[in-house]
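# Reading the structure
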Amino acid sequence: MADLQISQEKEILLQELSDDAPREARKLLALWQEFANQGRTPTRDDFNAENLAPWHEDISIYEYHPEKDDFQILLEGENIIALTGEDWRGAFSREVDCHFSTGLHAALSLARRTGQPQIHQLQIFQKEWRRGVRLLLPVILQKDGKEDVCQVFLAIFPMRDLML
């Protein structure tokens, strides 16, 4: 039962970014919201390399595979690798959950089902003394003649921890 409590403390769902959230997180969320006008989910055409240039090292891309009901990590941002010390490219979200006792798959699934961003305050799993803000931003990859693919852009920004 103690493990369940620890897991819940690792990822805290937020309704909005806190006042002390990093500026980069605020700007990335604002970009997603700009393209999510009129209730539509932004597309990969919206979330292209040019528009994401300021965050290209802060983003990981997870692609949904319906046959597995799981999300595969296609791209792992270099700043995320530096922050965590790990590179999970090619792995699936449930593998990450099993390794760290987290709810990443559930959070990604909620972003996919609702088409809405998910915002979490989290413990940087490899560094217990660090906190961060995680954004999960759903995006649609449109394919001509094929079913659209859901991708979720994950970004983690470290919080400035206050000295006690």
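Everything here concerns the structure above.
On a predicted model such as this, the values are computed, not experimentally measured, just so you know. (Residues numbered from 1 in each chain as written. Predicted model: local features only at pLDDT ≥ 70, side-chain atom pairs only at ≥ 80, totals over all residues. Heavy atoms only, no water.)

### As for the overall build of the protein
- From N to C terminus, the protein includes five helices and six strands.
- For the protein, the residues scored as buried account for 46% of the 164 residues in total.
- Pairs at least 24 apart in sequence give 53% of the contacts found in the protein among residues at least 6 apart.
- By element, 50% of the accessible surface of the protein is carried by carbon and sulfur atoms, the whole surface being about 9400 Å². (Helix = DSSP H or I, 4+ residues; strand = E, 2+ residues; numbered from the N terminus. Buried < 20%, exposed > 50% of the residue type's maximum accessible area, 1.4 Å probe, protein only. Contact = heavy atoms within 4.5 Å. Areas by Shrake-Rupley, 256 points an atom, 1.4 Å probe, with all protein chains shown as cover.)

### Structural notes on the sheet that holds strand β2 (residues 59-65)
- Strand order in the open sheet formed by six strands is β1-β4-β5-β6-β2-β3, and the pairing between neighbours is antiparallel. Every other strand in the sheet has two partners, leaving β1 (11-14) and β3 (70-75) as the edge strands with one partner each. Ignoring strand direction, the axes of neighbouring strands in this sheet form an average angle of 30°.
- Both β2 and β3 contribute to a ladder of five bridges, which runs antiparallel. Residue pairing for β3: Y64 is matched across the bridge by F71.
- Packed on one face of the sheet, helix α2 (residues 23-35) meets β2, β4 (118-123), β5 (131-141) and β6 (149-158) and runs near 20° to β5. (Pairing = 2+ DSSP bridges. Axes fitted to C-alpha atoms, helices over the stretch in contact; angles between N-to-C directions.)

### Details of helix α5 (residues 104-114)
- Restricting attention to buried positions, one finds in α5 the residues L104, H105, A107, L108, S109 and A111.
- Taken from the residues just after α5, G115 is the one with a positive phi, measuring 70°.

### Here we look at the pairing of β2
- With seven of seven residues buried, β2 is to be regarded as a mostly interior element.
- Of the two faces of β2, the one holding I59, I61, E63 and H65 and the one holding S60, Y62 and Y64 are both buried throughout.
- Here β2 folds back onto β3 in antiparallel fashion, the turn holding four residues, of which D69 has a positive phi close to 50°.

### Concerning the nonpolar core
- Core analysis: the biggest nonpolar cluster contains 23 residues, and L28, F47 and L135 have the highest contact counts within it.
- Listing elements by their share of this core, those giving two or more residues are α2, β2, β5 and β6.
- Judged by nonpolar contacts, the second largest core, of 21 residues, contains F71, F100, A107 and C150. (Core = buried A, V, L, I, M, F, W, Y, C linked by side-chain atoms within 4.5 Å.)

### Here we look at the environment of D97
- For D97, the position within the fold is in helix α4 (residues 93-100).
- Residue class for D97 comes out buried when judged on its relative accessible area of 13%.
- Not counting residues up to four positions away in its chain, the partners in contact with D97 are T102, G103, L104 and H105.
- A distance of 2.9 Å separates a polar side-chain atom of D97 from the backbone nitrogen of H105. (Polar contact = N/O pair within 3.5 Å; in protein donor to acceptor, adjacent residues only side chain to side chain.)

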